[in-house]
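Spelled out, the chains give:
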Amino acid sequence: MLMTIEASAPAKIILFGEHAAVYGQPALAVPVSTLRAYAEVCPNPDGLRGLHIDAPDLGQHLPVDIHAETVDNALALTAKLVLQALSAPPPDVTIVLRSQIPIASGLGSGSAVSTALARALCLAVGRSPDLATLNHLVYEVEKIHHGTPSGIDNTVIVYEQPVYFVRNQPLETFTLGAPLTLLIGDTGIGASTKIAVGDVRRLVETDAAATLPIIQAIGEISQMARAAIERGDIQAVGQLMTENHALLCRLTVSSVELDHLVVTARQAGAVGAKLSGGGRGGNMIALVHAENADDVVSALRQAGAVRVVKTVLV
Ligand code: MEV
């Protein structure tokens, strides 16, 4: 019997500190293990030789040329970096990618797909992926998606653990003093993290006096939020989320649709709400008491969220 070789990686949400993380401020992110990207290693169809990547949802089918000098496709670059790191020749297979994670939505789809692909490729050449190496490789690919990524997305996705992230610092996780019930509300509007990060960079360069204090204030919120999460103070966590959202608005990374969902969630009884990820579209998150989660889900749907996913962090 043929064994299926399959690997996967989760989506992520940023609880606090997006954008500020790029400038060395702390940020908190958690994996969303119920939403995943998958990579399956399949035999090549008759007549096909070499390594191929098939991503039907993205409309991509590519042969991988590991000798190509410049590779600007994220999937091909992932494969090339993995094989280089392992000093392995390309296996004669097709790796098929599928993902439940909407793209350009702040949920780390790019990192998750790269991570699943890298894991599958390691398995296809008979090696077991080392997490630190994998994290480094996926970070290199993130540069295609994000330009100047902080590394938070690849870290939380590769390690699949809650992460208190500080750029260029060793991995630090955090614990929860009480479960957090979160709703992830999708505006349905795709947005480029690279553009949002670039716009914030321009603000930093052109108006540092106004922008750097906002970035610093977000970092302080992340620190307070970690303490509140660890002592299980749900009310304080929610309040800090709402404050974090207001600061992200001042960095110009929110949108009318995100603001509308954030306000709606709070009016429907959420303890706090904010955009999550790169912003300008994509997803927002709302912290709710378990007993009124359904009311907030309904309100978000009525306010235009195309999808609301509930996740409980324990
Ligand atoms: C994107 O998920 C998070 C940002 O802070 C960018 C980054 O940290 O690389 C917006």
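Can you walk me through empty space enclosed by the protein in this structure?
The gaps left among the atoms become clear once a water-sized probe is rolled over them. Under the criterion given, the structure shown has one cavity of 30 Å³ or more. By volume, the largest cavity amounts to about 50 Å³. In this structure, the largest cavity is lined by Ala-104, Ser-105, Gly-106, Ala-191, Thr-193, Ser-276, Gly-278, Gly-279, Gly-281, Gly-282 and Asn-283. Residue classes in the lining of the largest cavity are distributed as two nonpolar, nine polar and no charged. The two domains that each donate at least three residues to the lining of the largest cavity are domain 1 (5–165) and domain 2 (180–313).

Help me out: how do you make sense of the environment of Ala-79 in this one?
Assignment of secondary structure puts Ala-79 in helix 1 (residues 74–86). When its relative accessible area of 1% is taken as the criterion, Ala-79 is described as buried. C-alpha separation for the pair Ala-79 and Arg-119, spaced 40 residues apart in sequence, amounts to 9.9 Å. Residues contacting Ala-79, with those up to four places away along its chain left out, are Leu-51, Ile-53, Val-64 and Leu-121.

Even after reading the chapter, I still don't get the domain arrangement of the protein, so can you show me in this structure?
By convention, interface size is frequently given as the accessible area that disappears when the constituent parts associate. Split into domains, the protein comes out as domain 1 (5–165) and domain 2 (180–313). Of note, the centres of domain 1 and domain 2, computed from C-alpha atoms alone, are 25 Å apart. On the domain 2 side, the residues contacting the 30 residues of domain 1 number 41 residues. Taking both partners together, domain 1 and domain 2 bury about 2,800 Å²; carbon and sulfur atoms supply 65% of that area. Contact with domain 2 buries area across many residues of domain 1, yet Phe-16, His-19 and Tyr-23 alone supply 27% of it, more than any other trio.

How should the layout of surface pockets be read in this particular structure?
In this model, the largest pocket occupies a volume close to 770 Å³. Ala-104, Ser-109, Gly-110, His-145 and His-146 are, among the 46 residues lining the largest pocket, the residues nearest its centre. At the level of elements, strand 1 (5–16), helix 1, strand 5 (93–99), helix 2 (109–124), helix 3 (131–146), helix 4 (152–159) and helix 5 (193–206) are the ones that each hand at least two residues to the lining of the largest pocket. Broken down by element, the residue count for the lining of the largest pocket peaks at five residues, all from helix 2. Its residues assigned to classes, the lining of the largest pocket shows 18 nonpolar, 21 polar and seven charged. Viewed by domain, the lining of the largest pocket spans two of them, domain 1 (5–165) and domain 2 (180–313), each represented by three or more residues. Here the second largest pocket is characterised by a volume of approximately 270 Å³. Lining the second largest pocket we find 19 residues, and of these Asn-135, Gly-151, Thr-155, Phe-165 and Asn-168 sit closest to its centre.

So what exactly am I meant to see when it comes to the pairing of strand 9 (residues 283–288) here?
If a strand is regular, its side chains alternate between the two faces of the sheet. Of all the six residues making up strand 9, six are buried; the element is thus mostly covered by neighbouring parts of the structure. What you see with strand 9 is no split at all: Asn-283, Ile-285 and Leu-287 on one side and Met-284, Ala-286 and Val-288 on the other are buried throughout. Two strands pair when backbone bridges link them, and strand 7 (residues 180–186) and strand 9 are joined in this way by six bridges, in the antiparallel orientation. The partner of Asp-186 across the bridge, within strand 9, is Asn-283. Two elements, strand 8 (residues 272–276) and strand 9, share five bridges in a ladder whose sense is antiparallel. Residue pairing for strand 9: Gly-272 is matched across the bridge by Leu-287. Where strand 8 hands over to strand 9, the hairpin turn is made up of six residues, of which Gly-277 adopts a positive phi near 100°.

I tried to follow helix 2 on my own but got confused; where do I start?
Residues that lie three or four places apart on an α-helix share one face, since the helix turns once every 3.6 residues. Taking 1.5 Å of rise per residue, the 16 residues of helix 2 would be expected to cover 22 Å, and the 22 Å separating its terminal C-alpha atoms lies within 8% of that figure. The buried fraction of helix 2 amounts to 13 of the 16 residues, a majority that puts the element mostly inside the structure.

For this particular structure, what's the right way to read the nonpolar core?
Within soluble globular proteins, side chains that are nonpolar generally end up buried alongside one another. One finds Ile-13, Leu-15, Phe-16, Ile-95, Leu-97, Met-284 and Leu-300 to be the most contacted residues of the largest nonpolar core, which totals 105 residues. Here this core spans two domains, since at least three of its residues come from each of domain 1 (5–165) and domain 2 (180–313). If near-sequence neighbours (up to four positions away) are discounted, Leu-15 is found in contact with Leu-28, Ala-29, Val-30, Phe-174, Leu-182, Ile-229, Met-241, Asn-244, Lys-274, Ile-285 and Leu-313.

Just checking my understanding: could you explain the pattern of salt bridges for this structure?
For side chains of opposite charge, pairing can occur when their charged atoms come near one another. Inspection of the entire model under this criterion finds 10 salt bridges. A salt bridge links Arg-36 to Glu-160, with the shortest nitrogen-to-oxygen separation between them at 3.0 Å. With Arg-36 in strand 2 (residues 27–43) and Glu-160 in the loop between helix 4 and strand 6 (163–165), this pair connects stretches of sequence that are 124 residues apart. Among the residues examined, Arg-36 registers a relative accessible area of 13% and is labelled buried. Classification of Glu-160 as partly exposed rests on a relative accessible area of 28%. Here the residues in one salt-bridge network are Glu-172, Arg-226 and Glu-230, joined through shared partners.

The rules behind these values
- In this numbering scheme, every chain counts its residues from 1 along its sequence in written order.
- For this predicted model, a pLDDT threshold of at least 70 governs which residues receive local features, and a threshold of 80 or more governs which side-chain atom pairs are given and counted, while totals over whole chains, interfaces and linings are taken from all residues.
- Excluding hydrogens and water, the side-chain values take into account all heavy atoms of the structure.
- The method works on a 1 Å grid over the protein atoms by themselves. A cavity is a set of points holding a 1.4 Å probe that cannot get out, a pocket is an open set with protein on both sides within 12 Å along at least five of seven lines, and residues with an atom within 4 Å of a point line them.
- Grid points are joined across faces, edges and corners, and a volume is the space filled by probe spheres set on the points.
- Asp, Glu, Lys and Arg are counted as charged, while Ala, Val, Leu, Ile, Met, Phe, Trp, Tyr, Cys and Pro are counted as nonpolar; the rest, among them Gly, fall into the polar class.
- What counts as a domain boundary in this text is fixed by an automatic or database domain assignment.
- Going along the chain from the N terminus, every DSSP run of H or I of four or more residues is numbered as a helix, and every run of E of two or more is numbered as a strand.
- Burial classes follow relative accessibility: with a 1.4 Å probe on protein chains only, a residue under 20% of its type's maximum area counts as buried, one over 50% as exposed, and anything between as partly exposed.
- Should any heavy atoms of two residues lie within 4.5 Å, those residues are considered in contact.
- The term buried area refers to how much accessible surface (probe radius 1.4 Å) is lost by two components on association, counted for both of them together.
- Here, strands pair whenever DSSP counts at least two bridges between them.
- A helix is expected to reach a length of 1.5 Å times the quantity of its residues less one.
- Residues belong to one nonpolar core when they are buried, are Ala, Val, Leu, Ile, Met, Phe, Trp, Tyr or Cys, and are joined through side-chain atoms within 4.5 Å.
- The working definition used for a salt bridge is a side-chain nitrogen of Lys or Arg within 4 Å of a carboxyl oxygen of Asp or Glu.

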